[in-house]
Amino acid sequence: MSSDLTELGVAAIRDGVAKGEFTAVEVAEAFNANVAAAAALNAFIVTTPEQALEAAKANDAKRAAGQPLGKMGGVPIGMKDLFATKGVQTTAASHILEGFTPQYESTVSQKLWDAGAGMLGKLNLDQFAMGSSNETSYFGNVISPWRRNDGGNAALAPGGSSGGSSAAVAARLAPAATGTDTGGSIRQPAAFVGISGIKPTYGRCSRWGIVAFASSLDQAGPMARDVRDCAIMLEAMAGFDPKDATSLNLPVPEWEAGLNGDLRGKKVGIPREYRMDGMDADVAASWDRGIEWLKDAGAEIVDVSLPHTKYALPAYYIIAPAEASSNLARYDGVRYGLRDLPDGAGLQDMYAATRAAGFGAEVKRRILIGTYVLSAGFYDAYYTQAQKVRTLIAQDFKNAFTQCDVILAPTAPTAAFGLGEKSDDPLSMYLNDVFAVPASLAGLPAMSVPAGLNREGLPLGLQIVGKAFDEQGVLNAGLAIEARAQFSAKPEKWW
Amino acid sequence: MSVDTATVAKIAALARIKLSEAELAAMVPELNGILAWVEQLGEVDVTGVEPMTAVIENHLRLRDDVINADPLTGGDNRDGVLANAPAAEHGFFGVPKVIE
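Quick caveat: nothing in here was measured; it's all calculated off a predicted structure.

Undergrad: Where do I start with the overall build of chain A in this structure?
TA: A tally of regular secondary structure across chain A gives 16 helices and eleven strands. Counting only C-alpha atoms, chain A reaches 65 × 55 × 50 Å along its principal axes. Relative to its 495 residues, chain A shows a buried fraction of 63%. Put simply, 78% of the contacts in chain A that link residues at least 6 apart link residues at least 24 apart.

Undergrad: Please clarify how the overall build of chain B should be interpreted in this entry.
TA: Looking only at helices and strands, chain B has three helices and two strands in total. What you see in chain B, going N to C, is helices and strands ordered as α-α-α-β-β. For a compact globule of 100 residues, the expected C-alpha radius of gyration is about 13 Å, and chain B comes in at 23 Å, more than 25% above that figure. By its C-alpha atoms, chain B is 50 × 45 × 25 Å across when sized along the principal axes. Of all 100 residues assigned to chain B, the portion counted as buried reaches 15%.

Undergrad: Teacher, can you tell me more about the interface of chain B and chain A here?
TA: How large an interface is tends to be reported as the accessible area lost when its parts come together. Chain B puts 46 residues into the contact, and the matching count from chain A is 60 residues. Listing elements by their share of the side of chain B that touches chain A, those giving two or more residues are α1 (5-14) and α2 (21-38) of chain B. When residues in the side of chain B that touches chain A are grouped by element, the largest group, seven residues, is from α2 of chain B. Of the residues that constitute the side of chain B that touches chain A, the class distribution is 31 nonpolar, seven polar and eight charged.

Undergrad: Just to check I follow, could you spell out the packing of helix α8 (residues 227-237) of chain A against helix α16 (residues 471-485) of chain A for this structure?
TA: Two packed helices can be described by the angle between their axes and the distance between those axes. Residues and elements named next belong to chain A. Two numbers describe how α8 lies on α16: the axes approach to 9 Å, and their chain directions differ by 160°. Here α16 runs roughly antiparallel to α8, going by the angle between their axes. Residue-level inspection shows Val227, Cys230, Ala231 and Leu234 of α8 in contact with α16, the latter providing Glu471, Leu475, Gly478, Leu479 and Glu482. Classifying every residue of the contact of α8 with α16 gives six nonpolar, one polar and two charged.

Undergrad: Explain helix α3 (residues 24-36) of chain A here, please?
TA: With 13 residues, α3 of chain A should reach 18 Å at 1.5 Å per residue; the first-to-last C-alpha distance of 18 Å fits that figure. For α3 of chain A, the full list of buried residues reads Ala24, Val27, Ala28, Ala30, Phe31, Asn32, Asn34 and Val35 of chain A.

Undergrad: When you look at the packing of helix α10 (residues 312-327) of chain A against helix α12 (residues 361-373) of chain A in this model, what are you seeing that I'm missing?
TA: Residues and elements named next belong to chain A. Between α10 and α12, whose axes approach to 7 Å, the crossing angle comes to 95°. Comparing the axis directions of α10 and α12 gives the class roughly perpendicular. Across the interface between the two elements, Ile318, Pro321, Ala322, Ala324 and Ser325 of α10 pack against Arg366, Ile367, Ile369, Gly370, Thr371 and Val373 of α12. A class-by-class count of the residues in the contact of α10 with α12 yields seven nonpolar, three polar and one charged.

Undergrad: Is there a simple way to explain the confidence of the model for chain B in this structure?
TA: Close reading of the predicted structure is inappropriate where its pLDDT is low. All names here are of chain B. Chain-level pLDDT for chain B is 91 on average; 98% of the residues reach the 70-or-more range. Least confident of the elements in chain B is helix α3 (residues 78-82), whose mean pLDDT is 92; most confident is α1, at 97. Note on the complex model: pTM 0.97, ipTM 0.95.

Undergrad: It is not clear to me how the nonpolar core should be interpreted in this structure. Could you clarify?
TA: Across soluble globular proteins, you tend to see nonpolar side chains buried next to one another. By size, the foremost hydrophobic cluster in this structure holds 176 residues, and its most contacted members are Ile77, Ala176, Met233, Leu294, Ala315, Ile318 and Leu368 of chain A. Excluding anything up to four places from it in sequence, Ile318 of chain A contacts Val373, Tyr382, Tyr383 and Ala386 of chain A together with Val38 of chain B.

Undergrad: Whenever I open this one, unusual backbone geometry confuses me. Can you help?
TA: Glycine aside, the phi torsion of most residues is negative, and most peptide linkages are trans. That bond from Gly160 of chain A to Ser161 of chain A is cis: its omega, 10°, falls within 30 degrees of zero. With respect to the helices and strands, the residue Ser161 of chain A is situated in the loop between β3 (118-123) and α6 (163-170). The backbone of Ala129 of chain A shows a phi angle near 65°, a positive value even though the residue is not glycine. Structurally, the position occupied by Ala129 of chain A is in the loop between β3 and α6. Positive phi outside glycine occurs at Arg16 of chain B, with the angle close to 55°. Along the chain, the position of Arg16 of chain B falls in the loop between α1 and α2. For Arg16 of chain B, a count of 21 C-beta atoms within 10 Å puts it in the buried group.

Undergrad: Sorry if this is basic, but what is going on with the pairing of strand β8 (residues 300-304) of chain A here?
TA: On any regular strand, side chains alternate: one points to one face of the sheet, the next to the other face. All names here are of chain A. The sheet contact formed by strand β7 (residues 267-271) and β8 spans five bridges and is parallel. Note on β8: the bridge partner recorded for Ile270 is Asp303. For the crossover that starts at β7, traverses helix α9 (residues 281-296) and ends in the parallel β8, the hand is right-handed.

Undergrad: Would you explain the environment of Arg204 of chain A in this entry?
TA: All names here are of chain A. Turning to its location among the elements, Arg204 is positioned in the loop between β5 (196-199) and β6 (219-224). You can call Arg204 buried: it has 27 C-beta atoms within 10 Å. Filtering out sequence-adjacent residues up to four positions away, Arg204 remains in contact with Ala238 and Leu248.

Undergrad: Please explain α16 of chain A as it appears in this structure.
TA: One full turn of an α-helix is made of 3.6 residues, so residues set three or four places apart face in the same direction. All names here are of chain A. Taking 1.5 Å of rise per residue, 15 residues should cover 21 Å, and α16 covers 21 Å from first to last C-alpha, within 8% of that figure. Here α16 has its buried residues at Glu471, Val474, Leu475, Asn476, Ala477, Gly478, Leu479, Ala480, Ile481 and Glu482. Taken from the residues just after α16, Gln486 is the one with a positive phi, measuring 50°.

Undergrad: What's the story with the environment of Ala174 of chain A in this structure? I'm lost.
TA: Residues and elements named next belong to chain A. Relative to the assigned elements, Ala174 resides in the loop between α6 and β4 (176-181). Sequence-wise, Ala174 and Glu300 are 126 residues apart; in three dimensions their C-alpha atoms are separated by 37 Å. What Ala174 contacts, discounting residues up to four positions off in sequence, is Phe31, Pro76, Ile77, Gly78, Leu120, Ala168 and Val169.

Undergrad: Explain the environment of Met72 of chain A here, please?
TA: Residue and element names in this part refer to chain A. When you line up the elements, Met72 lands in the loop between α4 (49-64) and β2 (76-80). Along the chain, Met72 and Ile13 lie 59 residues apart, while their C-alpha atoms are 8.7 Å from each other. Beyond its immediate chain neighbours, meaning those up to four positions away, Met72 contacts Val10, Arg14, Leu112, Ala115, Gly116, Ala117, Met233 and Ala236.

Definitions and limits used
Residues numbered from 1 in each chain as written. Chains lettered and ligands numbered in written order. Predicted model: local features only at pLDDT ≥ 70, side-chain atom pairs only at ≥ 80, totals over all residues. Helix = DSSP H or I, 4+ residues; strand = E, 2+ residues; numbered from the N terminus. Buried ≥ 20, exposed ≤ 12 C-beta atoms within 10 Å, placed from the backbone. Contact = placed C-beta atoms within 7 Å. Rg over C-alpha atoms; globule rule 2.2 N^0.38 Å. Nonpolar A, V, L, I, M, F, W, Y, C, P; charged D, E, K, R; others polar. Axes fitted to C-alpha atoms, helices over the stretch in contact; angles between N-to-C directions. Parallel < 35°, antiparallel > 145°, perpendicular 65-115°, else oblique. Expected span 1.5 Å × (residues − 1). pLDDT = per-residue confidence, 0-100. Core = buried A, V, L, I, M, F, W, Y, C linked by C-beta atoms within 7 Å. Pairing = 2+ DSSP bridges. Right-handed = clockwise from strand over helix to strand, strands pointing away.

Structure representation (structure tokens):
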């Protein structure tokens, strides 16, 4: 029984529990068992099997009492360890927050619990969500459940920063997980492990209680095995929150009910600047197949131009570190987290020692870059220039969306790479987000859906970018691809 | 623009991150690599372009000017605020002596 239940996604669990085909407790026990048996993946920083069970019991009791269950009724999920969870350690995968036990619950996680979800545990990630491979976590690398088909056992990156989330969903440790996306951190890991994930329009999901990285970019979203599951979970996560100054005061659409893969009358833009010299042949081929699938779904394909594409990554690597250097100033060894107080040290020495001991190398690198680009004399040349370029990038999308409804592109320029392959060179790691970052800078909804396997037997994702507030259009195009890609591959269990 | 060891040391001091000599030496070429790469933004003609201030147009709200309007983010929660402090004493955050 248990191995069957962990093959189910969000909708199937919700419906099965509601119909009484199985109990929420049986589901929670099955996933708890998979989590407990998957320590080799290092996907979780802490596990909370008792919380998953407790939520399941509450759902079963509600059903027994004849009460309706929530949108996520009976569905256990993984929670990225960037969301503050009351009474459960929240670290952002950093040493500086090791042992930090929030006194409050983040808005998004609270909404999920209110919708009937239960927590399997806190998922590993790149430290402060800074990374594309989950190699910057203080708590060790997450190992992708996928392996290349070359017979070797090379450990592969699950993507990042939501690498624990992607690995857990792909390995059937959770039917779904939360992610956050600052410059691709939901979409790229989803693509690397053959699952779906959507970053909604900036402001849809409250940032309250999410450890801040780059506040003008950070946005939470669901990661799950298919488009419908993402739609359900996003409905539960989204909504206005007065505690987040940038929260959108808009009703949450019924995305699940609105799912429709018939794209007749829709136009899909293909951005010519994304077809880069030396593009990976399998990635290019999967993009071409995606175009054919959307044509088959009735869409008209149009060529569009996003002329400032090549400047998106450099602009991002000024803006995000600048915001990070400001946001991470709060870690000072006084109010929470680590304190390193050398003998005889004064307050300033304590700050410097605490931050030296508490932050990893990539976090320090980004804080230093951010401090530099914001410093007197350099602010205009770097930060203001980057924010102007950001305006142009957003304008590019606005112009393109006068000709099309959604944009189709690859999610990442490659399939999953091996752990250690890019970690020596920060720039080559940054370049992996080349297709993901533009939509983040423009605050647009964007989704990755599995498109097939490459010649190494590894998943590739296709990305759909939509107009602001048009998550439905993005989900629908995703559904059309999903119906034609028929992606059913899953990693062979070795852990 | 490129940075030398002294500049990186100054940035690290501003950022309140203590770096060893070896870390400092390693950080200089890394930062220079990233700075040389972001330099390409200088090519973009931004004449008449406003820097972005809000990615999605939204108006900033003000909360009611009431003490503890929201019990979660208001006051009267000293113990919760201090619960994770590395050194809380007598209802305050404890810090090393700041007056010589």
